[in-house]
Each structure stands twice: as C-alpha cells, then as structure tokens.
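Chain by chain, the residues:
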Amino acid sequence: MRILRRSMLFIPGNSPNMIQNAGILGADSIILDVEDAVSIDEKDSARNLIMHALEEVDFYGCEVVVRVNAPSTAFGEKDLREITPKRPDAFMIPMATEEEIRLADAIISEIEKEEGIEVGSIKLVPIAETAYAVESIADIIRTSKRIEAVLLGAEDLTADMEISRTKEGGEIYYARNKIANICKAFKIQAIDTPFADVSDSKGLIEDTLKGKSLGMTGKAAINPRQVDTIHHVYTPSQEEIQYAKSVIDAMKEANKAGKGVFSFEGKMIDAPIILRAETVIRKAILAGMLNEEAMK
Amino acid sequence: MKINKVARAGTMESSDIFIMVQPGDNQGLDIRLSSVVIDQYGNHIRNVIMETLKSMNIEDIELTANDRGALDYTIRSRVETAVKRAL
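Remember, it's a predicted structure, so these values are computed and weren't measured experimentally.

This part takes up the sheet that holds strand β3 (residues 63-67) of chain A. All names here are of chain A. Pairing within the closed barrel is parallel, and its eight strands lie in the order β1-β2-β3-β4-β5-β6-β7-β8. Pairs of neighbouring strands in the sheet enclose a mean axial angle of 25 degrees, with direction left out of account. Bridge analysis of strand β4 (residues 90-93) against strand β5 (residues 123-128) gives four bridges, and the strand direction is parallel. Bridge pairing in β5 links Ala90 to Lys123. Sheet strands touched by helix α10 (residues 227-234): β1 (7-12) and β8 (218-221). Its angle to β8, the strand with the most contacts, is close to 175 degrees.

As structure tokens, then:
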C-alpha cells in the first residue's frame, strides 16, 4: 500500500470552480472526470482544462487521477496522449477489459518514453462495471503492472446485468465480494462504488460499512459531503490503533526473549493477529495518525 | 495560424471565462473584455489572453471575453480551446 485511498472524489473535468478547490475537500484522491461528467461537445474543452490544471493548480498533495474515455475510442486515445505529459498520478479506465488496459498501458508507455517520464510511474485504476469485467478482473489486473486499485462501478454493472440498483445493495454483494477478494490476492486496493443519494447520510454510513465488511479498502464519492463519513469508516479508530501498538510492543518483547508464540491480555497471539495489527499501524501512519519514526 | 470561423469556449459560471473568437479584420489582436473584476485584474487578464494568442501564432483575431473571475490556467485553457475550434 503506497498511499491510502479511503476516498476517491469525482470532480467534473470541465468545471474550473470545482477543479481549483478539489485539493481542499479532504479526499485522499480526486478524480478529474472527462468521461461521464462531460458532454461529447465539451470533451476537447475539459481535456484542455485538465491539462492546464495539472500544470498550474495546487492540489495540496492530494492524489490526482484522471478518468479518461475508453482508450479504444478516439476521445480516449486523445485523452491519454495529451494528458500523460502533464503527469497525473493515475488514469482511471472505464468499462475495463484486458484490451482496454493493454491499450492504455501501451499509449502511456510511449508518451512516458517520449517525455522522459519514468516508465510505469503513472498508475492505472480500472473500473469493473460490466459482468465481464467482474468475472475477468484477475486477468484484467494481470494485464498491467500499473494497476494499483480497482473501482467497482455498480450503476453500469447493474444496467449490464439488467437488474435493479437498490440502496440495500444486495444485488452487488457478489461483485463486491469478488472484487475485494481478487484485489486482496493481488495486494492492490478495492474501491467500492459510490453511494448515489448524497442527502442520505445514514444510508451512506450503512453502505460504506457493508463494503468494508467484505474487504473493500476505500469508496468513491460523488459529493464532497460524503468524504468525512467515508474516512470515518475506513480510518482505524484510536482503540484499534492502541490495541495494535500494544500487540506490536508485546511481539517485540517476545522476540527479545526468544519466544515464537506469546500471549497478550490472556490471548494467544499468532501470525494473523500480528498481521492485522501491522495493517492497522500502516493505515494509521498513512492517515497521519501515527508517526512512522516513533513506531521503529 | 488563421482563424477561419466563429468559435466559443468556456461558460458564464463563477470562476470561468466565456470566450468567443472570429476572424479578424487585419486589426491584429482585437480583444474586447468584460469582467466582474475589471478594475482590479483587467490588464492582467488582457495580458494572459494576448500571451496565449501569441504562443499559438495568432496574429489577426477578434476575441470577446466575458470573465467571471477565472484564474490564469482557465483563461489560457478557454482561449486555446476557442482558437483550436476556430481553425
């Protein structure tokens, strides 16, 4: 895990007002969107605005991802060719398939070489938003070493499946489960689909908890108001951090004493519990809640 | 480069600038600017537009700009888009 992506906030790519304020909205990642948020007549305008924004706007250290149009389309190829020299942190690829990812990777590599950018430094986040993508997500991930996370896109997925999208989300249980599990297998992040009703804060909490309980590591947001709630769910609590620190301290003591297995607070501590504690500590450090030096 | 037709870019939303360009009448860079911050930043906005046009090798153009408080990157971008659409 290089960076935390608890929240990935969509920003319309043709709106200067939203773009220039995106870095102060608190999200871990912002997604400048030149796909669904932009009409066909304005693709050129949004692409150009994003290019200039990447050069001149201060995003205050926020990860900047650009959602391009599908790379196999004329718009998508142009998006990748023109925006890559401006060095976004990552591109989000809609309607992901192996072929779309292969194409995106090849175009980005070509431009990176031309521009003297380290090849492979610009990352990819495919969107699994078709039945095919959910079923083939392992093969899609294998297509490019640039992939650091997968976003589940439930609106398009349920349209593809010809099923209703509900607030309860029972219809996407399988997709969430599969994406989370495969992402974990590849040690990349699984980003949950956005919650569409921005006025329903209780529903957002429940939906975010559901994703987390299945192994999702973050959630996309479509409104800045959703960011705090998502962070609250995906950030370790003080109690979790304290317990994890205690486990790690006890482990260090046990190691000094030459003990492989040890007990802590009356409970036998083994590898899975240590792994869980280390994960909590790593997330807390990335979230700025713990000092890395102090943990050494 | 030569402006061949009328083209527009940008919007009238806050922080944006609406640009309309059309072929010039051999008058050079003819810029007509209105802005909500004309007293404070009028000269600066005009300069950003001029520099952008020069960087695109435009020598003859009639450009109308209606600024709603756009930052420099937005001004540059909207001028570039309008010009590219007019070529």
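Segmenting chain A into domains produces domain 1 (7-234) and domain 2 (238-295). Between domain 1 of chain A and domain 2 of chain A, the C-alpha centre-to-centre distance is 33 Å.

Before going further, it helps to examine the interface of chain A and chain B. Taken together, the contacts link 15 residues of chain A with 14 residues of chain B. Both sides together, the interface formed by chain A and chain B hides about 1300 Å², and carbon and sulfur atoms give 41% of it. Considering only the surface of chain A that becomes buried against chain B, Gln20(A), Asn48(A) and His52(A) emerge as the three largest contributors, covering 34% of it. Across the contact surface, chain A and chain B share three salt bridges. The partner of Glu42(A) in a salt bridge is Arg85(B), and the shortest N-O contact between them spans 3.4 Å. The tally of links between chain A and chain B comes to 13 residue pairs in polar contact (both at pLDDT 80 or more). Put simply, the parts of the chain that give the side of chain A that touches chain B at least two residues each are α1 (16-21) and α2 (43-56) of chain A.

Another aspect to go through is helix α8 (residues 173-185) of chain A. Residue and element names in this part refer to chain A. Between its first and last C-alpha, α8 extends 18 Å over 13 residues, near the 18 Å set by a 1.5 Å rise per residue. Looking only at α8, the buried set comprises Ala175, Arg176, Lys178, Ile179, Ala180, Ile182 and Cys183. Two residues or fewer past α8, Lys187 is found with a positive phi of approximately 55 degrees.

With that out of the way, let us pick up the environment of Leu204(A). Residues and elements named next belong to chain A. Within the secondary structure, Leu204 is located in helix α9 (residues 201-213). Relative accessible area serves as the criterion here: at 4%, Leu204 is assigned to the buried category. Sequence-wise, Leu204 and Ile230 are 26 residues apart; in three dimensions their C-alpha atoms are separated by 8.0 Å. Setting aside its immediate chain neighbours within four residues, Leu204 contacts Phe195, Lys219, Gln226, Thr229 and Ile230.

The next thing to look at is unusual backbone geometry. Residue and element names in this part refer to chain A. One non-glycine residue, Arg87, adopts positive backbone phi at about 55 degrees. In this structure, Arg87 sits in the loop between α3 (74-83) and β4. Phi at Glu265 takes a positive value of approximately 50 degrees, unusual for a residue other than glycine. Relative to the helices and strands, Glu265 is located in the loop between β9 (262-264) and β10 (267-269). Overall, Glu265 belongs to the exposed group, its relative accessible area being 64%.

On to the pairing of β4(A), then. All names here are of chain A. Residues Ala90 and Met92 point to one face of β4 and Phe91 and Ile93 to the other, with burial holding for every one of them. Of the strand pairs in this sheet, β3 and β4 are connected by three bridges, and their pairing is parallel. In the strand pairing of β4, Val66 is matched with Phe91. Running through α3, the crossover from β3 to the neighbouring parallel element β4 is right-handed. Crossover connection from β4 via helix α4 (residues 98-115) to parallel β5: handedness right-handed.

Procedures and definitions
For every chain, the first residue of its written sequence is number 1, and the numbers climb from 1 along that sequence. Whichever chain is written first is A, and whichever ligand is written first is 1; the rest continue in order. Only residues with pLDDT of at least 70 are given local features in this predicted model, and only at 80 or more are side-chain atom pairs given and counted; all residues enter the totals for whole chains, interfaces and linings. Computation of side-chain values covers all heavy atoms of the structure but excludes hydrogens and water. When DSSP finds at least two bridges between two strands, those strands are taken to pair. Here a helix means four or more residues in a row that DSSP labels H or I, a strand means two or more in a row labelled E, and each is numbered from the N terminus. Interaxial angles span 0 to 180 degrees and are taken between N-to-C directions of axes, which are lines fitted to C-alpha atoms, for helices over the stretch in contact. In this analysis, two residues are considered to be in contact whenever any of their non-hydrogen atoms come within 4.5 Å of each other. A domain assignment, automatic or from a database, supplies the domain bounds used here. Put simply, buried area is the surface a 1.4 Å probe can reach on two separate parts but cannot reach once they are joined, added for both. A side-chain nitrogen of Lys or Arg and a carboxyl oxygen of Asp or Glu constitute a salt bridge if their distance falls within 4 Å. Definition of a polar contact: a pair of N or O atoms within 3.5 Å, with one able to donate and the other able to accept a hydrogen when the atoms are protein atoms, and with sequence-neighbouring residues admitted only if both atoms are side-chain atoms. Multiplying one less than the number of residues by 1.5 Å gives the expected span of a helix. Each residue gets one of three labels from its accessible area relative to the maximum for its type: buried under 20%, exposed over 50%, partly exposed in between, using a 1.4 Å probe on protein chains only. Look down the strands so they point away from you; if going from the first strand over the helix to the second traces a clockwise path, that crossover is right-handed.

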